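Examining the three-dimensional arrangement
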Amino acid sequence: MSEVPPVEREAGTPVPAERNAEWRDPGFFVRRRPLWSAVRLVVQLFKPPRGHRTLPTRAGAVLILLCLGIGTAAFNTSQNILYIALALLLSSLLLSGVLSWLNFKGCRWRLAVSGPFRAGESAPVAVEVHNAHRRLPLYSIAFEIDTHIGADKKVLHLRRGILPGDTVKLEWLWKPSRRGEEVVILRRLVSKFPFGFLRKSIEFPMEHPVLVWPAKIDAPLTFSRARAARPMGRLSHRAGYGADLRNLRDYRPGDPLRQIHWRATARQGRLTVREDFEETRHSYVVSLGGSARQWRLEAQFEKFCSFAATVVEDLYRAGRLQGVAFPRERARPVHNLGELHAVFDALARLQPQDCGPAGEEPRFATLLTFRPEGSESVLCLADGITVGQA
Amino acid sequence: MESRLAKLDYADLYRMKWILGGLLGLLSLWNIFSLDLGLDWMVRGAAILMMAAVLWPPVAASLPAWFWRVQTPVIVVFVVSDFILAGGDFIPPLIRMVILLALLRTLQPRTRREDLQLVVLTLILVVVSGVLTLEISFALQLALYTPLVMLFLFVVNLSESFSPEDTVPDNAWKRFCWRRFLRDVRGLFDSRLIIFSGVLFSGMMLSASLLFISLPRFELGQTLPFLTMQARGTYTGFSEQITYGDIVSIMNDDSVAFRADVGPVRPRRSPYWRMLVLDEYTPEGFSVSESLRERGRSVSSNFVAAPAVLRQPRGGTPWTVYFEGGVSRFLPFPGSFGHVRFQSRHDVVVGDATGTAAMREAPGNVLFYQLTGLQHADVLPLHEADEPLIRALAGEASGGGKKAYPLTTLGLPGDAASLRVLDDAVAAVRGGDTEAMDAETFGRRAVALLQHGRGYSLRTDIPEGDGDILTRWLDSDVAGHCELFAGAFVLVARRAGFPARVVVGFHGGDWNGFENYFMVRNRHAHAWAEIFDPEQGWLHFEPTPAGLSGAIGQPSEEATAGGTQAQADRTWAAYMDSLRVIWYRRVVNFDREQQQQLVSGIGAVFQTVRDSTEATLRSAFSALREWFGGPWDLRHILILVRNIAIAVIVWVLFRVALRWVLTRARIRSGSARTRAKAGRFLRRLRAAGADRESGGPDSARVRAELRHIRYGPVVSWPEVDAVFRSARRAVRRAARV
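Each value, and the rule that gives it
- Residues numbered from 1 in each chain as written.
- Chains lettered and ligands numbered in written order.
- Predicted model: local features only at pLDDT ≥ 70, side-chain atom pairs only at ≥ 80, totals over all residues.
- Helix = DSSP H or I, 4+ residues; strand = E, 2+ residues; numbered from the N terminus.
- Buried ≥ 20, exposed ≤ 12 C-beta atoms within 10 Å, placed from the backbone.
- Contact = placed C-beta atoms within 7 Å.
- Pairing = 2+ DSSP bridges.
- Axes fitted to C-alpha atoms, helices over the stretch in contact; angles between N-to-C directions.
- Nonpolar A, V, L, I, M, F, W, Y, C, P; charged D, E, K, R; others polar.
- Domains from an automatic or database assignment.
- Expected span 1.5 Å × (residues − 1).
- pLDDT = per-residue confidence, 0-100.
- Parallel < 35°, antiparallel > 145°, perpendicular 65-115°, else oblique.
- Left-handed = near helix turned anticlockwise from the far one by under 90°.
- Core = buried A, V, L, I, M, F, W, Y, C linked by C-beta atoms within 7 Å.

**As for the overall build of chain B**
Regarding its fold elements, chain B presents 23 helices and 15 strands. Expressed as a percentage of the 737 residues in chain B, the buried residues total 36%. Here the analysis covers contacts within chain B between residues at least 6 apart in sequence; of these, 77% occur between residues at least 24 apart.

Here it is in structure tokens:
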């Protein structure tokens, strides 16, 4: 954990995404001047900070009604037994507030969104909660998370208490419904601690933009008809998957683990991967070119994106993907996971108006193109021959 | 605790809240037992069922859902019928309804909403029973109920995190074992948590006490109707119609009838607490005549002027009486006074001519009232109602027909045998003195005659024969009790032509040596007599032999009037009783006046502190000014330098001591110890030569993590134990190299 210490921040103001990894706190007693913090706390009792809300729950409403009833009876009859009951009810409300404040005081949290996210597939969105108290456990906290576009919502409850100094991760398996840019928002912190009389919430929107890749769909390609027209593969001196060692280099994120050269790693004391000459198997270039007019139907365009992403992934897994040609761009080589993810990122952002003719005809590879069929289907063509349909 | 806390699941919480709910239900019935509402069978049944639900929870949980669904209409039918059958008395059916609902909620599997209902129902039972009984046990009940209900609500709140949909877990009672459950629960509490809970509870009690003291008392005078309980029955000895032996039966009861707070100084005279005056003679005993009853003045207020014959405009010590419920509707008065002040509005019938007052209904719970300006009174002054008596004694005709009060105070037995006995007694009192005798002299002689050779006994064997029972006893020499002495005295006085009446109430009381108040028990019930003097009014006479009245088989040490006083009661029972009076004084009877006194007292303390501080500062300032205004010579300057040096040294020492204390406190704290340990590991690594980059990536990582623990924020520490283990290995490796 290489986190920075909590930074005081006015509640209710959104936190920039780049600071989501920082631990947040409710803003109680984080300053080094305890006297000033105490004064501020007293002021906050009368004028809650922005974003802080305290509302009675059903139990709280019952308690308030009971207070009113018993108070009326006490004033009416001067019965001190009723005054005692009223005083106890009021002090239980007071105690509830103090305990709630104590509970909040020790709470630190941060949004942990790692991804990748793919439409139709679940991936964890986590909130890490830390108990900064030295002696008291942390109980009964909930976080409200939602997404900006998909309007998915989730309340993450802290089910068990967190012991002093411990950290737990509350996970939400979020299944995005559609591709594109999305924002995960940690909306507020909610607690009914300790007796459930008051629902105290602190609005502290932490926004984390995420990119949702297109969904993977079930649309296998059949290359039998296209095979006859396939050009022969050629020897390549480029790095890729093969049997002959081309080079050793330092490990980069995204490199497959099976490429790690363990002996060299042990010798050099750092992770080293091997690069092989690419085998001269036949490969494909997926072209995402086309005209904006042909993708007028939104649902069909979404299907196209999903189909393209599926084809790109399948070919990559089969080691037969040479590159992907985006509209008006030269074909991007896709040799590792990082490049594949970059393609998915681009596909996630792709809009019909971005479509246009492919930038370059591939050499030594078959070009896979897509076009709409009817009002719903999308065809995948290899050199003009249909190899798949979604 | 750590492992247990981590394993706590919904079923555990459900089990805890079930048992806590059962305990809440049981606790809420505690004070209901002391209510005299004829609910004993129901309360006992509910308590047994609740206990069964707590002890054998799987049994209740195994009942089918339809069984619980059927209960609701059954209870509705029962409650409606109960209210209809109860007529206007709505408190018993109301309490029965709440008990039934609480029982249902205790026994059936509950959702969170039903948990809240259980809390509300038990709270209603606790408060209502507390209001109706005003017992000190309410304080204990509340002291137990409050933490229990807090824990219950806490568990209910925690369970919401597990089941936002508010469902009942299916597996809650599968393989349930009390031993394992208790072991698990015990594992949840460590000493730190218990201390913290104790501090919180104390804080809550403190804040509740402060709120109780500071809540404004508006005294709206009970403009809205509220729960008041009427006694189901009272002692027959304290009613308008008393037959012989009624008061004796009360005297066999040793329980406290009322307590009287008379201030710190014990009165020198043993008080007579008059409750009612019996004017009419009947063969069965004395009673309150219809005409006297009709003379009552009805008042509905919380501030009632004393009866006219007892009215005392002058100031005196206020006495507070805590009158137990179910004793009588007649209020005991120990002398003349100004006003009766009740806690709330009451309907009172005041007998101005007799110096008595009665509630419309006998209170079912403790009644508080304060008598302002109380003074002792041996003679009740003349009242306008006594005019017919004065005329009758002057020989004027009183008119025919049935005699009305006050002429009823001259009524006698009609049979010749009784009259003969009375004539003999009158002759004995006069002793051959043929001159006119005043009432006081006659009364004194009559008392002497009655007490001559006659003892005191609660058991009397009055000879059979003709005539009135009193005259038969008078004609014999058997011992008697206060009713016989007072009754015989009245008849003798009346036969001699003096109007007389019997007064019933209490005499004396045990003096509580712990809190200085009278504990007047039922065995202190007493009857005495009043004789009419046309010039003075009604004179008090005590015909019962001195030193023997009010005792059950044992003579009291207390003198009847003005004699030696009994020793203060300092037994264990008296101590327990004094707690009750403290409860009454400080809590139940706490009113706006006491509140104002408290505020004034606090204000006076602040004022005193402020005045003394101001005076000290003024004198110090004037002394300083005088010193600076003096001649400045070398000695003067040296003194100034010396004082400044002392002040600087004291300040520096203070800062050093403060820093030392704070440093020690930081070292004692867990994080400081861990930081110090990380620092030691860093030094050992440096000493072993493992601080160079040549130490390898592992060594560098360990050093980075140690530096993080040493200087970084606690929240971002890595796993401390793992780092220290790695550091230990790194030190060993470096040492080997």
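Let's pick the thread back up.
**Examining the overall build of chain A**
Broken down by element type, chain A carries seven helices and 17 strands. Taking all 390 residues of chain A together, 36% fall into the buried category.

**Focus: unusual backbone geometry**
Each neighbour pair has its own omega, and for Phe193 of chain A with Pro194 of chain A the value is 0°, a cis peptide bond. With respect to the secondary-structure elements, Pro194 of chain A resides in the loop between β8 (180-191) and β9 (198-213). Look at the link from Tyr405 of chain B to Pro406 of chain B: it is a cis peptide, with omega at 10°. Here Pro406 of chain B lies in the loop between α13 (387-393) and α14 (416-430). For Leu134 of chain B, which is not glycine, the phi torsion reads 55° and is therefore positive. Here Leu134 of chain B lies in the loop between α7 (112-133) and α8 (137-162). The class for Leu134 of chain B is buried, based on 25 C-beta atoms found within 10 Å.

**Focus on the sheet that holds strand β4 (residues 123-131) of chain A**
All names here are of chain A. Across the sheet, three strands lie side by side as β2-β4-β7; this open sheet has antiparallel pairing. Both edges of this open sheet fall to β2 (107-113) and β7 (167-174), since each of them pairs with a single strand only. The sheet shows a mean angle of 20° between the axes of neighbouring strands, direction not considered. In terms of strand pairing, β2 meets β4 through seven bridges, oriented antiparallel. The residue of β4 that forms the bridge with Cys107 is Asn131.

**Focus on the interface of chain A and chain B**
Counting from both sides, the interface comprises 50 residues of chain A and, opposite them, 52 residues of chain B. The set of elements that each furnish at least two residues to the side of chain A that touches chain B consists of α2 (58-77) and α3 (80-105) of chain A. When residues in the side of chain A that touches chain B are grouped by element, the largest group, 14 residues, is from α3 of chain A. When its residues are assigned to classes, the side of chain A that touches chain B shows 29 nonpolar, 14 polar and seven charged.

**Considering the domain arrangement of chain A**
Note on interface size: it is often stated as the accessible area lost on association of the parts. Taken domain by domain, chain A comprises domain 1 (17-212), domain 2 (224-234 + 280-389) and domain 3 (243-279). The straight-line distance from the C-alpha centre of domain 1 of chain A to that of domain 3 of chain A is 48 Å.

**Structural notes on helix α10 (residues 191-214) of chain B**
Across its 24 residues, α10 of chain B extends 34 Å between first and last C-alpha, which sits within 8% of the 34 Å expected from 1.5 Å per residue. Listed as buried for α10 of chain B are Met204, Ala208 and Phe212 of chain B. Buried residues belonging to α10 of chain B abut α3 of chain A.

**Digging into the domain arrangement of chain B**
Segmenting chain B into domains produces domain 1 (2-214), domain 2 (591-630) and domain 3 (669-736). Averaged C-alpha coordinates put domain 1 of chain B and domain 3 of chain B at centres separated by 53 Å.

**Focus: the confidence of the model for chain B**
Parts of the prediction with low pLDDT should not have their coordinates interpreted in detail. Residues and elements named next belong to chain B. On average, residues of chain B carry a pLDDT of 83, and 90% of them reach 70 or more. Per-element confidence in chain B ranges from a low mean pLDDT of 52 for helix α1 (residues 2-7) to a high of 92 for strand β11 (residues 500-507). Within the model, the stretch residues 548-564 combines pLDDT values under 50 with 39 contacts to residues more than four positions away or in other chains.

**Some details on the pairing of strand β8 (residues 356-359) of chain B**
All names here are of chain B. The side-chain alternation of β8 yields two buried faces, one formed by Thr356 and Ala358 and the other by Ala357 and Met359. Inspection of the sheet shows strand β7 (residues 339-351) paired to β8 by four bridges, in the antiparallel sense. Bridge assignment links Val349 to a residue of β8, and that residue is Ala358. Here β7 hands over to β8 after four residues, with Gly355 in that stretch at a positive phi of 70°.

**Thoughts on the packing of α2 of chain A against α3 of chain A**
Residue and element names in this part refer to chain A. Across the interface, α2 lies against α3 with an axial gap of 8 Å and an inter-helix angle of 150°. Classified by the angle between their axes, α2 and α3 sit roughly antiparallel to one another. Two packed elements cross with a definite hand, and for α2 against α3 that hand is left-handed. Contacts between α2 and α3 involve Leu63, Leu66, Cys67, Ile70, Gly71, Ala73, Ala74 and Thr77 from the former and Leu82, Tyr83, Ala85, Leu86, Leu89, Leu90 and Leu93 from the latter. Its residues placed into classes, the contact of α2 with α3 shows 13 nonpolar, two polar and no charged.

**Section: the environment of Ser270 of chain B**
All names here are of chain B. Structurally, Ser270 can be placed in the loop between β1 (256-261) and β2 (272-278). Overall, Ser270 belongs to the buried group, with 24 C-beta atoms counted inside 10 Å. In this structure the C-alpha to C-alpha distance between Ser270 and His376, which are 106 residues apart in sequence, comes to 9.9 Å.

**What to know about the sheet that holds strand β14 (residues 525-533) of chain B**
Residue and element names in this part refer to chain B. An order of β2-β11-β14-β15-β10 is seen for the five strands of this open sheet, with the pairing classed as antiparallel. At either end of the open sheet lies a strand with only one pairing partner, and these are β2 and β10 (379-380). Of the pairings in the sheet, the one linking β14 to strand β15 (residues 537-541) comprises five bridges and is antiparallel in character. Paired with Glu530 across the strands is His540, a residue of β15. Those strands touched by helix α17 (residues 482-495) are β11, β14 and β15, and its axis lies near 15° from that of β14.

**With respect to the packing of α14 of chain B against helix α15 (residues 439-451) of chain B**
All names here are of chain B. It is at 9 Å that the axes of α14 and α15 come closest, and there the two elements cross at 110°. With respect to their mutual orientation, α14 and α15 come out roughly perpendicular. As α14 packs across α15, the resulting crossing turns out to be right-handed. Counted together, Ala425, Ala428 and Val429 of α14 and Phe442, Arg445, Ala446 and Leu449 of α15 form the full contact between these two elements.

**With respect to helix α6 (residues 91-107) of chain B**
Over its 17 residues, α6 of chain B extends 24 Å from the first C-alpha to the last, a length consistent with the 24 Å expected when each residue adds 1.5 Å. All buried positions along α6 of chain B are accounted for by Pro93, Ile95, Arg96, Val98, Ile99, Leu101, Ala102, Leu103, Arg105, Thr106 and Leu107 of chain B.

**Digging into the nonpolar core**
Where a protein is soluble and globular, its nonpolar side chains tend to be buried together. The biggest cluster of nonpolar side chains holds 236 residues, and the ones touching the most others in it are Ala308 of chain A together with Ala488, Phe489, Val492, Ala493, Val504 and Ala529 of chain B. In this structure, Val492 of chain B is in contact with Leu422, Ala425, Val426, Val429 and Ala446 of chain B, ignoring residues within four places of it in sequence. Counting residues in hydrophobic clusters, the runner-up holds eleven residues, among them Val702, Leu706, Val723 and Ala727 of chain B.

**Structural notes on the pairing of β15 of chain B**
Residue and element names in this part refer to chain B. Pairing of β10 with β15 involves two bridges; the strand directions are antiparallel. Within β15, the residue paired with Leu380 across the bridge is Trp538. Following β14, the chain reverses through three residues before pairing antiparallel with β15.

**Here we look at the environment of Phe201 of chain B**
Residue and element names in this part refer to chain B. On the secondary structure map, Phe201 appears in helix α10. The exposure class assigned to Phe201 is partly exposed, which follows from the 15 C-beta atoms found within 10 Å. When the C-alpha atoms of Phe201 and Glu593 are compared, they prove to be 29 Å apart, with 392 residues separating the residues in sequence.

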